[in-house]
Amino acid sequence: MSKKLIVYYSMDGNTKMIAKMIHEKTGADMVMLNTVIPYTGTDEEIVQQGREEVNRGHLPDLEPLPVHLAEYDTIILGTPTWWYTMAPAVHSFIRRNNLSGKTVIPFQTHAGWPGHTLQDIEAAAKGAQVRNGKQIQFSAQEFGKLVTPEKEVREWIETL
Ligand SMILES: Cc1cc2nc3c(=O)[nH]c(=O)nc-3n(C[C@H](O)[C@H](O)[C@H](O)COP(=O)(O)O)c2cc1C
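Quick look at the structure, then. Predicted model, so just to flag it, every value in this text is computed and none were measured. (Residues numbered from 1 in each chain as written. Predicted model: local features only at pLDDT ≥ 70, side-chain atom pairs only at ≥ 80, totals over all residues. Heavy atoms only, no water.)

1. What to know about the site of the ligand
So, point 1. Lining the immediate environment of the ligand, one finds 18 residues, of which Ser10, Asn14, Thr15, Thr81 and Thr109 sit closest.
So, point 2. Within the backbone of Tyr84, one N or O atom sits 2.8 Å away from an oxygen atom of the ligand.
So, point 3. Trp113 is positioned such that a nitrogen or oxygen atom in its backbone is 2.7 Å from a nitrogen atom of the ligand.
So, point 4. Starting from 650 Å² of accessible surface for the ligand in isolation, the protein chains cover 90%.
So, point 5. Placement of the ligand is best described as lying within the largest pocket.
So, point 6. Looking at the shell around the ligand, the elements with two or more residues in it are α1 (14-26), α2 (43-55), β3 (74-82) and β5 (103-110).
So, point 7. Examining the composition of the shell around the ligand, we find that three residues originate from one element, β3, more than from any other.
So, point 8. In terms of residue class, the shell around the ligand is built from nine nonpolar, eight polar and one charged. (Near = heavy atom within 4 Å. Polar contact = N/O pair within 3.5 Å; in protein donor to acceptor, adjacent residues only side chain to side chain. Areas by Shrake-Rupley, 256 points an atom, 1.4 Å probe, with all protein chains shown as cover. 1 Å grid on protein atoms, 1.4 Å probe; cavity = no way out; pocket = protein on both sides within 12 Å on 5 of 7 lines; lining within 4 Å. Sits in = over half its atoms within 2 Å of the grid points. Helix = DSSP H or I, 4+ residues; strand = E, 2+ residues; numbered from the N terminus. Nonpolar A, V, L, I, M, F, W, Y, C, P; charged D, E, K, R; others polar.)

Written out as structure tokens, the structure reads:
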């Protein structure tokens, strides 16, 4: 039996909502990534800070994880889309941990412009087997409102 861990970052709750659906169905352990320095300011300011961080490949420091990654062989890794790629916190997680030999199943939430997020995760997670990635669209107007049919999300979760 493979031991699975859900790792996710979420600024506004969409990615967290999917992580919780996965957790409820699979019973896998679940941890959220937290940056040491929280993002503050208006939505617009955070979007601009996110752009600047993505552009320079900034890897924010993360709070220590309350789990031992070595105990898990599969990481279900969730990220919001930030400027067509993974959120910097998720980039930090991948770069600062040894995922070699593990299976990584990435999922991204987005608002209509998924970009190259899943490919970027695969390229960053050196030595890991990255497979079965999923893009999940939410409303750009209303947090928590799925655009991708919930049935489609649940069918993907069944495969985990
Ligand atoms: C800094 C920033 C950049 C974003 N860039 C994109 C983008 O490139 N494409 C897109 O579809 N949505 C983009 N969004 C919207 C989020 O990806 C989307 O709302 C996501 O589901 C939010 O997940 P969360 O609620 O877990 O934070 C961006 C949001 C933020 C805050």
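Now, onward.
2. Observations concerning helix α3 (residues 88-96)
So, point 1. In terms of burial, α3 is a largely internal element, seven of the nine residues being buried.
So, point 2. All buried positions along α3 are accounted for by Pro88, Ala89, Val90, His91, Ser92, Phe93 and Ile94.
So, point 3. Of the surrounding elements, those touching the buried residues of α3 are β1 (4-8), α2, β3, β4 (85-86) and α4 (117-124). (Buried < 20%, exposed > 50% of the residue type's maximum accessible area, 1.4 Å probe, protein only. Contact = heavy atoms within 4.5 Å.)

3. A closer look at a negative patch on the surface
So, point 1. A contiguous patch of negative charge, built from Asp12, Asp43, Glu44 and Glu45, is present on the exposed surface.
So, point 2. Topologically, Asp43 is positioned in helix α2. (Patch = residues over 30% accessible without salt bridge, like charges linked within 9 Å, V, L, I, M, F, W, Y side chains within 5 Å. Salt bridge = Lys/Arg side-chain N within 4 Å of Asp/Glu carboxyl O. Lys, Arg positive; Asp, Glu negative; His and termini not counted. Charge placed at Lys NZ, Arg CZ, Asp CG, Glu CD.)

4. Re the packing of α1 against helix α5 (residues 150-158)
So, point 1. Remark: α1 packs on α5, axes separated minimally by 10 Å, with the N-to-C direction vectors making an angle of 50°. As judged from the angle between their axes, α1 and α5 are oblique. The handedness of the crossing between α1 and α5 comes out as right-handed. Facing α1, whose interface residues are Ile18, Met21, Ile22 and Lys25, α5 presents Glu150, Val153, Arg154, Trp156, Ile157 and Glu158. (Axes fitted to C-alpha atoms, helices over the stretch in contact; angles between N-to-C directions. Parallel < 35°, antiparallel > 145°, perpendicular 65-115°, else oblique. Left-handed = near helix turned anticlockwise from the far one by under 90°.)

5. Overview of unusual backbone geometry
So, point 1. Positive phi is not limited to glycine here, since Trp83 has a value of about 50°.
So, point 2. Among the secondary structure elements, Trp83 is positioned in the loop between β3 and β4.

6. Description of the packing of aromatic side chains
So, point 1. Within this structure, the stated rule accounts for four aromatic pairs.
So, point 2. Judged by centre distance (6.1 Å) and plane angle (80°), the ring pair of Tyr9 and Trp82 falls under edge-to-face. Here the residue Tyr9 occupies a position in the loop between β1 and α1, and Trp82 occupies one in strand β3, the gap between them amounting to 73 residues.
So, point 3. With a centroid separation of 6.3 Å and 80° between ring planes, the pair formed by Trp83 and Tyr84 is classed as edge-to-face.
So, point 4. Judged by its relative accessible area of 28%, Trp83 falls in the partly exposed class.
So, point 5. The partly exposed category is assigned to Tyr84, whose relative accessible area is 39%.
So, point 6. Among the aromatic residues, those joined into a cluster by ring pairs are Tyr9, Tyr39 and Trp82.
So, point 7. The ring of Tyr72 has Lys3 lying over it, and the distance from NZ or CZ to the ring centre is 4.6 Å. (Phe/Tyr/Trp six-rings, centres within 6.5 Å; stacked < 30°, edge-to-face > 60°. Lys NZ or Arg CZ within 6 Å of the ring centre and 35° of its normal.)

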